[in-house]
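# Structural overview for review
Residues per chain, in single letters:
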Amino acid sequence: MEKNIRYSYMSHWKDIPYREIPNFRDFYYEDKTNYAYYQSWDQIFKYHAGCGYEGMEVAPWDLFAIRTLFPDLREFRAFAEERGVEISGMFHGMNGGRFKENIPRNVEQTKAAVENVVLLGGKHLNVCPGENYADGGLDEEGILNTIECLNEMGRVCEDNGVKLGVHNEFFCIMNKPNHKRIIEATDPRYVHYCLDTAQVSIIGEDLCKFYDDYHERIVTFHLKDTADPKLPDEIRYAPFPEIQDDGHRWFWELGFGVLDFEGLFTLMKKHGFKGWATVETDGTPDLLASMAYTGYYVRNVLGKIYC
Amino acid sequence: MAEKNIKYSFMNHWKTLPYKEIPNFRDFYYEDKTNYAYYQSWEQILNYTLGCGFEGIEIWPMAAPYIETFGSLKDFKDYVNSKGLGISGSFCGMGPGHIKENIPACVESVKKTVDLVAAVGGRHLNICPGVNYGEGGGPLTEDGIRNTIDCLNEMGRYAEDHGVLMGIHNEFFCIMNKDNHKRIIEATDPKYVHYCLDTAQVSIIGEDLCTFYDDYHDRIVTFHLKDTASPKMPDEVRYAASNPEIQDDGWRWFWEPGLGVLDFPGLFKLMKKHGFKGWATVETDGSPDLLASMAHSSYYIHTVLDKIYR
Amino acid sequence: MKTAFSLETVNTRYQEPNRNRVESKYYWEELFQLVGAGGFHAVELPYDPGFMGARCCFPFSKVVMDVKFGGVEGFKKVLADAKIDKIAGIFASPRAAGSVEQYVEGFKRSVKGMLGLAGELGCDYVTVSASPEYCTMGALLDKKAELLDALAAALGELADEAGDIKLCVRNEFWGILRGAGMHDFMAKVDKRVGYCVDLAHIKIAGEDPAEFIRKAGDRVGVVILTDTCFEDKDEVWKGPAPAFPRTGATQVFKDLGQGSVDLCAVFAALKEVGFDGWATVDNRQTRQVSRGILRARYALNAVEG
């Protein structure tokens, strides 16, 4: 049976210092801990394949370290594919696009990002639409500029066979009072949506209703859970709320929080979603445990509803 | 998709798991905010096993922890099965059955493990044939060899009667060793006594893995698949009195398949030639990180070995 | 001689299970207690003013101290509560960029920023790498002499601004001032600028740390107590990511006492040259921070008797 959903895993591995470790046993003996098991891309990609993931989404802040090991990103792509993993896309940040004068710079940065996505063989550029809310809310002009900036960026992506997906974050400047307006006002030919299930729920949306309403724009997902839906404004709009001082986690592995993933997957079936869905587990202390667990959850639990 | 011949199981080296499930997982995590909380329940471990594409687990005979957690073996079996996993079997030790007067007690003990395997729906009892060489007064005398054969035959008959395949599982430091293990395999009754090929143990003893499988394939009903970087260890290491399995300096005899030096592609070609069908258990004792080993092994069998035989 | 503990010990960049803990404030609050309990009552901070951009709570910049600790005084109070009464120093390693002029300007800007923060923190020293990683230098390599002259001059200017803060130069094994190459450079630099003697870096570059200290004499400004077993037989120092040798994975920097640096000889040499500044333990690349604290204390106890 052909599958509709291809699962990718978001790279939160931080810098990985080695391509491969041919002297693995000696390296292990230096410390005799599991440290040696997480130090090469060879291992990381094998874990992806071992946990049933077909893809990985890269983070732009990883590219510097990746290029140190793979100066040509096509090498990185080939290295991953040799181990059964494709690159589904890349995350990206819009930077100050609420100001008109910053739009050309954002377009240039998008061109550079898309070039990397194409080299990696990816299909998605998932864009965080702006700075933290605490850096200043969006006024009317800011909203119009954001829309224009996203349209321009999206056109660059579409021209290169990449889909730009707006990726809301609960603490970002595009937030509850205006994010639907911006989605609706952007050009659907160029600007799509990456539904981060936790972020949108923390902002205050009902996950299933949001997907049902905007499914035509939603081309991919960041699947993660939360135990803190509908967080009050004063927390979301505080400076630097993403990383909490006491280690409180906004994000949990699918099924560990309170979101209705079975409802979401029922709707994905109804709307016939096809494409990459990235499982994201930022906040976990153990990416491999989260990867193995979510590999189980998407196949053995959600897969019964839609796969 | 063609039907698969091999069902993969993962050997349980997780030690005692204190919880069945952790419904307050988030609170438990916050107590320490480390990954400790991710390795404390059967539910988690079974989910990881499924997440890594394994179809079963092999357990240990020390059943008390399972019973304590689940209430009964049947509850344990039902829980594992409800997750979509099977229990391929259990490991156990024969005890000092090379001494005639010990045979009845050894057989009684193994019968209990056979009952355990049957109760959890397992197919295999993989049995370590005897005490350590260094501690048990190896080498086996002629009497000791005959007693071992008798003991294994009797145990195997009970297993067979209860729907369980008893497989000899050699260990490189055990009293049944290089100078007599083939003789014992050949002299036991093939109706009752089968063989579980532990790829690393047999190689450390000094056998060539592929030749051994080719020679004894009609007795081999299951595997413990693990790698080693120390094949053909000298007698003085294997026969040491100081429990050579766990080395004082942390030296590892065993590695994940693909991380040692054994010829697994060669073995799988022979498994194809002989049409092996059944459970194969991946075992990664010695690993500091069973989940990393599980994910790596899953990649290796599903991406590399599957291409040869699956 | 006074001992401090460097927070560079904490891995903020590379993958390992539980790495995410370092992103939150609670981790650092407890770490300071462990450092204090390990008998270290002073710390060194890596300096990275950009880290808040990663949304994390690494207390290596004024921004994080302001946002997360209520400013410098708040940060110092958290340290004091953990029995750490001093921030001995801060350090940074500028990256190569552009021309000689651009690099030196960036270097000066960075050191000025460090001196400003060091003044607020009450530090005794600021150390800075004069040379970027060899493999990142590109065209700068062709102008090595010009670059070093310009840096020497810049350090002299910066020494004027440093006042009571000891400005020191670090010589990583992957830089053009590696090993004994440092002495020629330092001969050209204002005498107020000291050596930052990083034991492991010196050893990997093929020099004997104790001998190096004797040559540096009264210009030893700070000693970084690091350890290593690594022998750079394949010249990995010239390649990318030299702290992670491509020729074979290894932990280049060991916890103090776990490598082959002769600490007794180092301490004897420091006594000979009359050194009375900071000796800072840096277990960079440690596999376990708390074990590393105790290993370092054990090693220091052994050498100090």
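Our subject in this report is the structure included herewith. No experiment lies behind these values; they were computed from the predicted model shown.

### Regarding the overall build of chain A
Each helix and strand counted, chain A has twelve helices and eight strands in total. Rg of the C-alpha trace for chain A: 19 Å, near the compact-globule value of 19 Å for 307 residues, within the 12% margin. If you line up chain A on its principal axes, its C-alpha atoms span 60 × 45 × 40 Å. Relative to its 307 residues, chain A shows a buried fraction of 53%. The long-range fraction of contacts in chain A, counting pairs at least 24 apart against all pairs at least 6 apart in sequence, stands at 85%.

### Here's the deal with the packing of helix H8 (residues 209-216) of chain C against helix H9 (residues 263-272) of chain C
Residues and elements named next belong to chain C. Packing of H8 against H9 leaves a shortest axis separation of 8 Å and a crossing angle of 10 degrees. Here H8 is positioned roughly parallel relative to H9, judged by the angle of their axes. Every residue of H9 that contacts H8 at Pro 209, Ala 210, Ile 213 and Arg 214 is listed here: Ala 265, Val 266, Ala 268, Ala 269, Leu 270 and Glu 272. Considered class by class, the residues forming the contact of H8 with H9 number eight nonpolar, no polar and two charged.

### Comments concerning the sheet that holds strand S5 (residues 163-166) of chain A
One key point about sheets: their strands pair by backbone hydrogen bonds, in either a parallel or an antiparallel sense. Sheet architecture is closed into a barrel: eight strands sit in the order S1-S2-S3-S4-S5-S6-S7-S8 (chain A), paired in parallel fashion. Averaged over all pairs of adjacent strands, the angle between their axes in this sheet comes to 30 degrees, without regard to strand direction.

### Examining the interface of chain A and chain B
Accessible area lost on assembly of the parts is the figure often given for the size of an interface. Contact residues are listed per partner, giving 26 residues for chain A and 27 residues for chain B. Those elements that provide at least two residues to the side of chain A that touches chain B are helix H1 (24-31), helix H2 (41-50) and helix H12 (287-301) of chain A. Among the elements that make up the side of chain A that touches chain B, the one with the highest residue count is H12(A) (seven residues). Broken down by class, the residue content of the side of chain A that touches chain B amounts to 14 nonpolar, eight polar and four charged.

### A few points about the packing of helix H4 (residues 100-121) of chain C against helix H5 (residues 144-162) of chain C
Residue and element names in this part refer to chain C. Closest axis-to-axis distance for the H4/H5 pair is 10 Å, and the angle between their directions is 25 degrees. In this view, H4 runs roughly parallel relative to H5, as classed from their interaxial angle. For H4 against H5, the interelement crossing comes out right-handed. Mapping the contact onto sequence places Val 100, Tyr 103, Val 104, Phe 107, Lys 108, Val 111, Lys 112 and Leu 115 in H4 and Glu 146, Leu 147, Ala 150, Leu 151, Ala 154, Leu 158, Glu 161 and Ala 162 in H5. Its residues assigned to classes, the contact of H4 with H5 shows twelve nonpolar, no polar and four charged.

### Focus on helix H1 (residues 25-37) of chain C
Residues and elements named next belong to chain C. Spanning 13 residues, H1 covers 19 Å between terminal C-alpha atoms, matching the ideal 18 Å at 1.5 Å per step. Among the residues of H1, those classed as buried are Lys 25, Tyr 27, Trp 28, Leu 31, Phe 32, Val 35 and Gly 36. One face of H1 carries all of its buried residues, which in axial projection span an arc of 165 degrees. Looking at the buried side of H1, the elements it contacts are strand S1 (2-6), strand S2 (42-46), helix H2 (62-69), helix H3 (72-81) and helix H10 (289-304). The first or second residue beyond H1 is Gly 39, which carries a positive phi of 90 degrees.

### Thoughts on the sheet that holds strand S4 (residues 125-129) of chain C
Residue and element names in this part refer to chain C. Ordered in space as S1-S2-S3-S4-S5-S6-S7-S8, the eight strands form a closed barrel in which the pairing is parallel. When the angles between neighbouring strand axes are averaged without regard to direction, this sheet yields 30 degrees. Pairing between S4 and strand S5 (residues 166-170): five bridges, direction parallel. Looking across to S5, one finds that Val 128 is bridged to Val 169.

### Describing the environment of A:Pro232
By the element assignment, A:Pro232 lies in the loop between strand S7 (218-223) and helix H10 (233-236). For the pair formed by A:Pro232 and A:Ile203, sequence separation is 29 residues and the distance between their alpha carbons is 8.3 Å.

### Digging into the nonpolar core
By size, the foremost hydrophobic cluster in this structure holds 295 residues, and its most contacted members are A:Ala292, B:Ala295, C:Val43, C:Met114, C:Val126 and C:Val197. A total of nine residues in this core trace back to one element, the largest contributor, which is H12(A). Beyond its immediate stretch of four places on either side in the chain, C:Met114 contacts C:Tyr47, C:Ile90, C:Ala92, C:Val126 and C:Val128.

### Remarks on the environment of B:Gly258
Residues and elements named next belong to chain B. Structurally, the position occupied by Gly 258 is in the loop between helix H10 (235-238) and helix H11 (264-273). The class for Gly 258 is partly exposed, based on 17 C-beta atoms found within 10 Å. Separated by 30 residues in the primary sequence, Gly 258 and Thr 228 place their C-alpha atoms 9.1 Å from one another. Gly 258 has contacts with Asp 227, Phe 264, Tyr 300 and Val 304, leaving out every residue within four places of it along the chain.

### Topic: unusual backbone geometry
Note: most peptide bonds trans; most residues except glycine with negative phi. Notably, A:Phe240 is not glycine yet its phi reads approximately 50 degrees, a positive angle. As for its placement among the helices and strands, A:Phe240 is situated in the loop between H10 and helix H11 (261-271). Its 18 C-beta neighbours within 10 Å are what place A:Phe240 among the partly exposed residues. With phi around 45 degrees, C:Ala241 is a residue other than glycine that occupies positive phi space.

### Topic: H11(B)
Residues and elements named next belong to chain B. What H11 keeps buried is the set Phe 264, Leu 267, Phe 268 and Met 271. The arc that holds the buried residues of H11, viewed along the axis, is 95 degrees, so those residues lie on one side. Just beyond H11, the residue with positive phi is Gly 275, at close to 65 degrees.

### Points about the pairing of S5(C)
All names here are of chain C. The element S5 is extensively covered by neighbouring structure, given that five of its five residues are classed as buried. By the alternation rule, side chains of S5 split into Lys 166, Cys 168 and Arg 170 and Leu 167 and Val 169, which are all buried. With respect to chirality, the unit in which S4 leads through H5 into the neighbouring parallel S5 is right-handed. Of the pairings in the sheet, the one linking S5 to strand S6 (residues 194-198) comprises three bridges and is parallel in character. Paired with Val 169 across the two strands is Tyr 195, which belongs to S6.

About the thresholds
- Residues numbered from 1 in each chain as written.
- Chains lettered and ligands numbered in written order.
- Predicted model: local features only at pLDDT ≥ 70, side-chain atom pairs only at ≥ 80, totals over all residues.
- Helix = DSSP H or I, 4+ residues; strand = E, 2+ residues; numbered from the N terminus.
- Rg over C-alpha atoms; globule rule 2.2 N^0.38 Å.
- Buried ≥ 20, exposed ≤ 12 C-beta atoms within 10 Å, placed from the backbone.
- Contact = placed C-beta atoms within 7 Å.
- Axes fitted to C-alpha atoms, helices over the stretch in contact; angles between N-to-C directions.
- Parallel < 35°, antiparallel > 145°, perpendicular 65-115°, else oblique.
- Nonpolar A, V, L, I, M, F, W, Y, C, P; charged D, E, K, R; others polar.
- Pairing = 2+ DSSP bridges.
- Left-handed = near helix turned anticlockwise from the far one by under 90°.
- Expected span 1.5 Å × (residues − 1).
- Arc of directions from axis to C-beta.
- Core = buried A, V, L, I, M, F, W, Y, C linked by C-beta atoms within 7 Å.
- Right-handed = clockwise from strand over helix to strand, strands pointing away.

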